[in-house]
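# Coordinates in review
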Amino acid sequence: MRIRHAAFAAAAGSALLAAAVQPPDAVARPRLRGAAREDFAVREGTVGAAALLAEVKGCSQISKGKYRTDDGLRRGRARTAASVPVCKKNGAVFWKADMDIDCDGQPTTKCNSTTDAYFQSATAFQQSDGRQLNSEKLPFIVVPSSSSIWNYRTSGIVGGTVAAVIYKNRVVYAVVGDMGPSGIIGEASYATAEALGINPDPTYGGVESGVTYILFTNSRVSPIESHSGAVALGDELAREFVQNNEDAQRQNQSADGDTYEGRDIPEGGDTPEDGANP
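Residues numbered from 1 in each chain as written. Predicted model: local features only at pLDDT ≥ 70, side-chain atom pairs only at ≥ 80, totals over all residues. Heavy atoms only, no water.

### Considerations on unusual backbone geometry
Where we set the bar: The helix count covers DSSP runs of H or I at least four residues long, the strand count covers runs of E at least two residues long, and both are numbered beginning at the N terminus.
Residues Ser 222 and Pro 223 are joined by a peptide bond in cis, for which omega reads 5°. Its location among the elements puts Pro 223 in the loop between strand 10 (219-220) and helix 4 (227-256). Here Asn 90, not a glycine, exhibits a phi torsion of approximately 40°, which is positive. Checked against the element boundaries, Asn 90 lands in the loop between strand 3 (87-88) and strand 4 (92-102). Located in the positive-phi region is Asn 218, a residue other than glycine, with phi close to 60°.

### A word on the packing of aromatic side chains
Note the threshold: Each Phe, Tyr or Trp ring, with Trp reduced to its six-membered ring, pairs with another whose centre is within 6.5 Å; inter-plane angles below 30 degrees give stacked pairs, above 60 give edge-to-face pairs, and intermediate values give tilted ones. Remark: exposure states derive from per-residue accessible area (1.4 Å probe, protein chains only) relative to the maximum for the residue type, with buried under 20%, exposed over 50%, and partly exposed in between.
Taken as a whole and assessed by the stated rule, the structure comprises three aromatic pairs. Consider the rings of Trp 95 and Trp 150, whose centres lie 5.9 Å apart with planes at 70°: the pair is edge-to-face. One end of the pair, Trp 95, is in strand 4; the other, Trp 150, is in the loop between strand 5 (140-144) and strand 6 (162-167), with 55 residues separating them in the sequence. For Trp 95, a relative accessible area of 1% translates into the label buried.

### A word on the state of the cysteines
Working definition: the covalent bond between the sulfur atoms of two cysteines is a disulfide. How we decide: In plain terms, two cysteine sulfur atoms within 2.5 Å form what is called a disulfide here.
Across all of its chains, the model carries two disulfides by this definition. Covalently, Cys 59 is tied to Cys 87 through a disulfide, its sulfur atoms 2.0 Å apart. What sets the handedness of the Cys 59 and Cys 87 disulfide is the S-S torsion sign, and at about -95° it is left-handed. In this pair, Cys 59 is assigned in the loop between helix 2 (49-54) and strand 2 (60-61) and Cys 87 in strand 3, connecting sequence segments 28 residues apart. Put simply, Cys 103 and Cys 111 are joined by a disulfide, and their sulfur atoms are 2.0 Å apart. Across the S-S bond of Cys 103 and Cys 111 the torsion is about -60°, and the bridge reads as left-handed. Judged by relative accessible area, which is 0%, Cys 103 ranks as buried. Along the protein chain, the cysteines engaged in disulfide bonds are linked according to the scheme 1-2, 3-4 when indexed in sequence order.

### With respect to the nonpolar core
Put simply, the rule reads: To form a nonpolar core, buried Ala, Val, Leu, Ile, Met, Phe, Trp, Tyr and Cys residues must be joined to one another through side-chain atoms within 4.5 Å.
Among the nonpolar cores identified, the biggest contains 62 residues, and Leu 52, Trp 95, Met 99, Leu 215 and Phe 216 are the most heavily contacted of them. Contributions of two or more residues to this core are made by helix 2, strand 4, strand 5, strand 6, strand 7 (170-180), helix 3 (190-195), strand 9 (207-216) and helix 4.

Dropping the structure here:
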């Protein structure tokens with residue numbers, strides 16, 4: 001997939017954000033396989049959590065090893081075994097992990113050295129004006145620093161790459177905004193957690209499992225701090241991701257020759273009776 005910039009999408013993003021919070025009857029629902037009847041108020045864009053999760057059930061692993069979700073250094077967190085692989089599928093990489101809270105960057109009311117004992121005043125990537133990212137306001141995720149396990153750059157991931165972050169029935173679009181330890185995975189900004197309904201407190205917040213991170217490779221939101229740009233581009237790529245996977249599945253079924261509707265008709269031209277297996 002070619003590199004795609006989202007500067008053009010900032011204006012369109014405002015319209016999508018408005019659509020995302022309208023009553024369900026106000027916006028045409030996408031016809032996507034596996035999409036649940038979800039409330040538009042708990043997701044951004046037009047693609048539901050069920051539709052995205054249906055496409056990342058398996059794992060074609062690209063990392064040379066697996067990651068821990070916690071190193072045991074944070075309060076109340078035990079050191080975990082390395083159990084999380086980085087997977088790939090049709091223009092995306094993804095992993096399923098916990099969520100720790102990143103409060104680094106610009107000091108704010110919720111994110112500062114008083115509220116977070118591990119606070120750092122810098123993020124790996126900066127805003128277009130040169131300032132650090134605002135963890136309290138901007139949904140972003142953290143990728144592990146490059147190591148022998150996985151180098152995110154070789155997978156088409158850069159600062160500003162757009163990601164769909166999913167927890168329960170909520171979908172939030174975020175950007176890659178910071179880097180973490182080379183052996184740990186599963187972290188996102190205060191704003192990301194808050195939008196997903198996860199406790200965003202940097203000391204006591206987060207969740208121990210159930211979060212899916214889908215990063216769309218070779219994508220980039222510019223400026224990185226434009227959340228409306230992330231929603232616009234993320235929604236477009238999410239729709240393509242789901243559709244491309246559906247198309248691939250149909251092609252596989254057609255090649256197998258054992259499908260019916262839209263598939264091969266048995267020799268002789270007869271169709272299966274209602275309720276019968278083809």
